[in-house]
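The residues making up each chain are set out below.
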Protein chains: 2
Amino acid sequence: MNKKLPSQYEARARIIKAMAHPSRLFILEELYKGERSVGELAEMVGADQSTISKHLSILKTEGLVFDERQGTTILYHLKCPCILNFIGCIEEVLEIKTQEHVEMVSKCRVR
Amino acid sequence: MNKKLPSQYEARARIIKAMAHPSRLFILEELYKGERSVGELAEMVGADQSTISKHLSILKTEGLVFDERQGTTILYHLKCPCILNFIGCIEEVLEIKTQEHVEMVSKCRVR
DNA sequence: TATATATATGGCTATATTGCCATATAATCA
DNA sequence: TGATTATATGGCAATATAGCCATATATATA
């Protein structure tokens, strides 16, 4: 990768990368509402169970979620609800992108 | 990709993905401090100028930065400073990951 | 113990990303 | 205009990611 940058950036990027996927983003927001099983999430996302399992594995490895066995099903939980705080800003970036030609007031710099 | 998820997740993920790289994260934080030229950033990151130019192109395409020509050099600016607000939470996730075995108090759920 | 259910993992292919080199483009200045 | 400086882009090889299928593992229950 790169040797001049502090490893801190590498560590942060790994976590952000774990969030940088539509399905994983959906999963995180869903877990924000409450615990969900792998099957529930697979059903909601509309992907193969194994695919969701792997997504959850990535989120777990990066420390964003934790799991809890409940009999034969496994419930996943969000670890740090704060990670979704910035979704508001992401939305703002998106708004500006779509309305770039329009005059608007916002916390972002339009140009 | 996936057809069951609202396109909103796709859009958000694209922006987050743009942030999900050590060099681009560094660039964003650097631009948070103030405007920087491509050359300056390349020097700081320690990567080829063309590599940084492409990173900046990604950030620009996703609406995270904008550029301003100043004679022969081009200065890049951060568009939405708020996108760095959640770095604090990322740090918290990292802390928990490294101290998982230790008892600690935090906004995150340790388990 | 045998069966059923829920989840995880190995393996594979298709696709995307990264980073460098070479080169193109754009602006400045002699 | 020609040379110089700064940045962008095309192209390519190496690597990483995504998603599905088949199958393994773990738990519960008859």
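Whatever comes next refers back to the structure up there.
None of these values were measured; they are calculated from a predicted model.

Calculation rules
Throughout, a residue's number is its position along its own chain's written sequence, starting from 1. Following the order in which they are written, the chains are lettered starting with A and the ligands numbered starting with 1. Since the coordinates come from a predicted model, pLDDT governs what is reported: local features require at least 70, and pairs of side-chain atoms require 80 or more to be given and counted, while whole-chain, interface and lining totals use all residues. Note that water and hydrogens are dropped before the side-chain values are worked out from all heavy atoms of the structure. Note on conventions: DSSP H or I runs of at least 4 residues are helices, E runs of at least 2 residues are strands, and numbering of each starts at the N terminus. Think of it in three bands: with a 1.4 Å probe and only protein chains considered, a residue is buried below 20% of the maximum accessible area for its type, exposed above 50%, and partly exposed in between. Any pair of residues with heavy atoms lying within 4.5 Å of one another is described as a contacting pair. In this description, accessible areas are obtained by the Shrake-Rupley approach with a 1.4 Å probe, and a residue is regarded as covered only by the protein chains that are shown. Proximity is defined per residue: any heavy atom of the residue falling within 4 Å of a molecule or strand makes that residue near it. In protein, a polar contact requires one atom able to donate a hydrogen and another able to accept it; more generally it is a pair of N or O atoms within 3.5 Å, and residues adjacent in sequence count only if both atoms are side-chain atoms. In this count, Pro and Cys sit with the nonpolar residues alongside Ala, Val, Leu, Ile, Met, Phe, Trp and Tyr, while Asp, Glu, Lys and Arg are called charged and the others, Gly among them, polar. One speaks of a salt bridge when a side-chain nitrogen belonging to Lys or Arg is within 4 Å of a carboxyl oxygen belonging to Asp or Glu. Two strands qualify as a pair provided that DSSP identifies no fewer than 2 bridges between them.

**Regarding the overall build of chain A**
Each helix and strand in chain A was counted, giving 5 helices and 3 strands. For chain A, the N- to C-terminal ordering of α and β elements is α-α-β-α-α-β-β-α. Counting only residues that meet the buried cut, chain A has 51% of its 111 residues in that class. For chain A, the proportion of contacts with a sequence separation of at least 24, taken over those separated by at least 6, is 44%. Element-wise, carbon and sulfur atoms account for 49% of the exposed surface of chain A, whose accessible area totals about 5700 Å².

**Let's talk about the protein's contact with DNA strand D**
Around DNA strand D, the structure places 22 residues, and the nearest of them are Gln49, Ser50, Lys54, Thr72 and Tyr76 of chain B. Near-protein atoms of DNA strand D (within 4 Å) split between backbone and bases, with sugar and phosphate holding 62%. One nitrogen or oxygen atom from the main chain of Gly39 of chain B is found 3.0 Å from a phosphate oxygen belonging to DNA strand D. Between DNA strand D and Tyr76 of chain B there is a distance of 2.6 Å, counted from a phosphate oxygen to a side-chain nitrogen or oxygen. Counting only elements with at least two residues in the surface near DNA strand D, the list comes to α4 (49–61) of chain A together with α3 (38–45), α4 (49–61) and β3 (73–78) of chain B. Considering only residue class, the surface near DNA strand D consists of 4 nonpolar, 12 polar and 6 charged.

**Side note on the pattern of salt bridges**
On inspection of all chains with the given rule, the structure shows 13 salt bridges over all chains. A salt bridge links Arg12 of chain A to Glu91 of chain B; the shortest N-O distance between them is 2.5 Å. In this pair, Arg12 of chain A sits in helix α1 (residues 7–19) while Glu91 of chain B sits in helix α5 (residues 87–98), so the two residues belong to two different chains. Close ionic contact of Arg12 of chain B with Glu29 of chain A constitutes a salt bridge, the shortest N to O distance being 2.4 Å. With Arg12 of chain B in helix α1 (residues 7–19) and Glu29 of chain A in helix α2 (residues 22–33), the pair connects residues from two separate chains. Both residues of the pair, Arg12 of chain B and Glu29 of chain A, belong to the buried class. Through salt bridges that share partners, Arg12 of chain A together with Glu29 and Glu91 of chain B make up one connected network.

**Description of the sheet that holds strand β2 (residues 65–70) of chain B**
Residue and element names in this part refer to chain B. Spatially, 3 strands are ordered β1-β3-β2 in an open sheet, and the strand pairing comes out antiparallel. For this open sheet the edge positions go to β1 (36–37) and β2, each flanked by a neighbour on one side alone. In terms of strand pairing, β2 meets β3 through 6 bridges, oriented antiparallel. In the strand pairing of β3, Glu68 is matched with Leu75.

**As for the side chain of Arg12 of chain B**
The exposure class of Arg12 of chain B is buried, given its relative accessible area of 11%. There is a polar contact of 2.4 Å between the side chain of Arg12 of chain B and the side chain of Glu29 of chain A. Those residues in contact with Arg12 of chain B that sit more than four places away from it in its chain are Leu25, Glu29, Ile87, Ile90, Glu91 and Leu94 of chain A.

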